[in-house]
Amino acid sequence: VVVTGPSGVGKSSLVAAGLQPALVADGWAAASFRPGVTPYESVARALLDLEHPGASHSLEQLDHRAQALREDGFWPVASRVELLTGRRLALIGDQFEEVLSGSPDTEKALEFLQRLLPPLAGTAEQDGRPIDGPGADRALVFQEDALLPWRTLRANVELPLAVQGLPRHERR
C-alpha cells in the first residue's frame, strides 16, 4: 500500500492511527521506520523490533541485520523474520522521500531502493540493450510541470549536467 499526497495533509497520521492499528488487530506484526540518512539501519531496527518486541538491541545486532539487508535484500530477510514470529509482517516506511532527499549519495539511495523493491520479473530494455540505471537518453516526465521535490532548486537545475558526468565544481 502506498499513501501519497502533498506535505502536511496527514498521511502519516492516517497510517499511524488507522492502517497500522487495523493490521495489528487483524494479527499482523507491524512496525514503522523513517529511512533518514541510514535507511538500512532504520529498516534493520524495525525488523529487530518485530522479532524481539520490547527488547533493546545491541549495535552488533543492528549492524548484523543491516548487513544482511545489504547482502541478501529486504524480502529474504523479512521472510525469515516472518517465519520466526509466525505472523504476517507490515513494515511501514514513513517520510520515504528522505531516502533521496536525506542522502548526498544518489547512487547509494537508488541501491537501497533496488534492494527494497527488486523487480519481480522481466527486463527493461532500450534498443535491445538492458537498462541498468539512469541515462542521458532517458527522461522522467510528470503529468504536470514539476521539479523533483526531494532536490533543491540548484540540484534540479544541475541534474542534466550531473547525468552527463560533469563534476559538481564545474556545474556551479
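Residues numbered from 1 in each chain as written. Predicted model: local features only at pLDDT ≥ 70, side-chain atom pairs only at ≥ 80, totals over all residues. Heavy atoms only, no water.

1. Quick notes on helix H6 (residues 106–116)
Then, in step 1: What H6 keeps buried is the set Ala-109, Phe-112 and Leu-116. Across the axial projection of H6, the buried residues extend over an arc of 60 degrees, all falling on one side. (Buried < 20%, exposed > 50% of the residue type's maximum accessible area, 1.4 Å probe, protein only. Helix = DSSP H or I, 4+ residues; strand = E, 2+ residues; numbered from the N terminus. Arc of directions from axis to C-beta.)

2. Looking at the packing of aromatic side chains
Then, in step 1: Scanning the model with the defined rule gives two aromatic pairs in all.
Then, in step 2: Both rings, one in Tyr-40 and one in Phe-112, keep their centres 5.1 Å apart while their planes meet at 90 degrees; by these two values the pair is edge-to-face. On the criterion of sequence distance, the pair formed by Tyr-40 in helix H2 (residues 39–51) and Phe-112 in helix H6 is long-range, its members being 72 residues apart.
Then, in step 3: Note on Tyr-40: relative accessible area 6%, which makes it buried.
Then, in step 4: Each ring, one from Phe-74 and one from Trp-75, has its centre 4.7 Å from the other, and the planes form 75 degrees; the classification is edge-to-face.
Then, in step 5: We classify Phe-74 as buried; its relative accessible area is 9%.
Then, in step 6: Classification of Trp-75 as partly exposed rests on a relative accessible area of 45%. (Phe/Tyr/Trp six-rings, centres within 6.5 Å; stacked < 30°, edge-to-face > 60°.)

3. Quick look at the pairing of strand S1 (residues 29–33)
Successive residues of a regular strand alternate their side chains across the two faces of the sheet.
Then, in step 1: Counting buried residues in S1 gives four out of five residues, a clear majority hidden from the surface.
Then, in step 2: Relative to strand S2 (residues 89–93), S1 is paired through five bridges, and the arrangement is parallel. In the sheet register, Ala-30 faces S2, and the bridge partner there is Ala-90. (Pairing = 2+ DSSP bridges.)

4. Observations concerning the pattern of salt bridges
Then, in step 1: Counting across every chain of the model gives six salt bridges.
Then, in step 2: For Asp-26, the salt bridge goes to Arg-88, with nearest N and O atoms at 3.8 Å. Of this pair, Asp-26 sits in the loop between helix H1 (11–25) and S1 while Arg-88 sits in the loop between helix H4 (74–85) and S2; the two residues are 62 residues apart in sequence, bridging distant segments of the chain.
Then, in step 3: Take Asp-26: its relative accessible area is 52%, and that puts it in the exposed class.
Then, in step 4: In this structure, the salt-bridge partner of Arg-65 is Glu-51, at a minimum N-O distance of 2.7 Å. In this pair, Arg-65 is assigned in helix H3 (residues 59–72) and Glu-51 in helix H2, connecting sequence segments 14 residues apart. (Salt bridge = Lys/Arg side-chain N within 4 Å of Asp/Glu carboxyl O.)

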